[in-house]
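Okay, here's what each chain looks like letter by letter:
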Amino acid sequence: MLRELVTRDGLTYRARGYGSRRPIAKNDRESGRRLNRRVTVSFDRPAAEPGPSASASETVGTAAPRPATTSTELPVVATARAGTPPDIERTQWPRQAEVDINELRRDAGGNVLLTWTVRNQDETPLHVWSSHDYGSVYEEASTSAITLVSGEQRYRVLRDVETRVAIGPDLIRTGLDEYTVEKGERYTLWAMFKPPADLARVTVRIPGFEPVPDVPIS
């Protein structure tokens, strides 16, 4: 079927079966087993065509060097504690966990980037892929249940029209061990939104944590 749909020359196909070796959710509940019954198709993008090289007589501009970064710590706009567990983690959600809102920034195109970091100080592992909305079409992506709220309005994560997943880190192709935050660890994620241009402050809702009110959009 894929050979009929994909017409690009030079493609080869390789199938791999992992069985129970790479779950993306736990199998102790039907909701987790349903997520683990999946087929993933991935491919490499074609290499970009090399552009024309500049001749010796052409003037080639160079970008100004950026100042060296002296700290790897992300800024923290606001912090919230662990709250109501996500549905799939209802009995196994760490209570000694927090989320930092690192950035909520609007770009020139009107898109708003949310960056957040979860921190776990609990013996119970925290699975960042559990930020999931099981009641809607956004079920396909790990960051899909994150919302920006203003009054009665709720703004959801942007979707990729080709892959039909939320625009954010693609954890759906990531093994369980790679998105599990153990005690003393942290994990930074991001997602894109498109709220109205005049919206200046919102409440950030991240499943598993208390709502973060009055976060400014810079």
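First, a word on scope: everything that follows refers to the structure included in this document. Per chain, residue numbering runs from 1 following the sequence as it is written. Since the coordinates come from a predicted model, pLDDT governs what is reported: local features require at least 70, and pairs of side-chain atoms require 80 or more to be given and counted, while whole-chain, interface and lining totals use all residues. The basis for the side-chain values is all heavy atoms of the structure; hydrogens and waters are excluded.

1. Observations concerning the sheet that holds strand S5 (residues 147-150)
Selection rule: Any two strands with at least two DSSP bridges between them are considered paired. Helical segments are the DSSP runs of H or I of at least four residues, strand segments are the runs of E of at least two, and each set is numbered from the N terminus. A fitted line through C-alpha atoms serves as each axis, taken over the contacting stretch for helices, and the angle formed by two N-to-C directions is quoted from 0 to 180°.
Taken together, four strands build an open sheet; the order of strands is S6-S5-S9-S10 and the sheet is antiparallel. A single partner strand is all that each edge strand has here, and the edge strands are strand S6 (153-156) and strand S10 (212-216). Across the sheet, the axes of successive neighbouring strands diverge by a mean angle of 35 degrees, strand direction being ignored. Pairing of S5 with strand S9 (residues 201-205), which is carried by three bridges, proceeds in the antiparallel orientation. From the neighbouring strand, Thr-147 faces S9, where its bridge partner is Arg-205.

2. Examining the sheet that holds strand S1 (residues 78-81)
Strand-to-strand pairing in sheets goes through backbone hydrogen bonds, with the strands running parallel or antiparallel. Strands sit in the order S1-S2-S3-S8 across an open sheet of four strands; the sheet is antiparallel. Of all the strands in the sheet, just S1 and strand S8 (186-193) have a single pairing partner and so form its edges. Each strand of the sheet is rotated relative to its neighbour by a mean of 25 degrees, with strand direction disregarded. Relative to strand S3 (residues 112-120), strand S2 (residues 97-106) is paired through nine bridges, and the arrangement is antiparallel. Bridge assignment links Val-99 to a residue of S3, and that residue is Val-118.

3. Quick look at the environment of Leu-171
Checked against the element boundaries, Leu-171 lands in the loop between S6 and strand S7 (180-181). Separated by 42 residues in the primary sequence, Leu-171 and Trp-129 place their C-alpha atoms 6.6 Å from one another.

4. Some points on the side chain of Thr-203
What counts, and what does not: Between buried and exposed lies partly exposed: a residue is buried under 20% and exposed over 50% of the maximum accessible area for its type, with that area taken using a 1.4 Å probe on protein chains only.
Inspection of the secondary structure puts Thr-203 in strand S9. A residue is classified by how much of its surface remains accessible, and Thr-203, at 19% relative accessible area, is buried.

5. Section: the packing of aromatic side chains
As a reminder of what qualifies: Aromatic contacts are taken between Phe, Tyr and Trp rings whose centres are within 6.5 Å, Trp giving its six-membered ring; a plane angle under 30 degrees counts as stacked, one over 60 as edge-to-face, and the others as tilted.
Applying the stated criterion across every chain yields a total of one aromatic pair. Between the aromatic rings of Trp-93 and Phe-209, the centroid separation amounts to 5.8 Å while the plane-to-plane angle is 75 degrees, which identifies the pairing as edge-to-face. Of this pair, Trp-93 sits in the loop between S1 and S2 while Phe-209 is found in the loop between S9 and S10, placing the two residues 116 residues apart along the sequence. Since its relative accessible area comes to 7%, Trp-93 is described here as buried. Look at Phe-209 and you get buried, because its relative accessible area is 8%.

Fair warning: the whole summary comes from geometry, so function is off the table for now.
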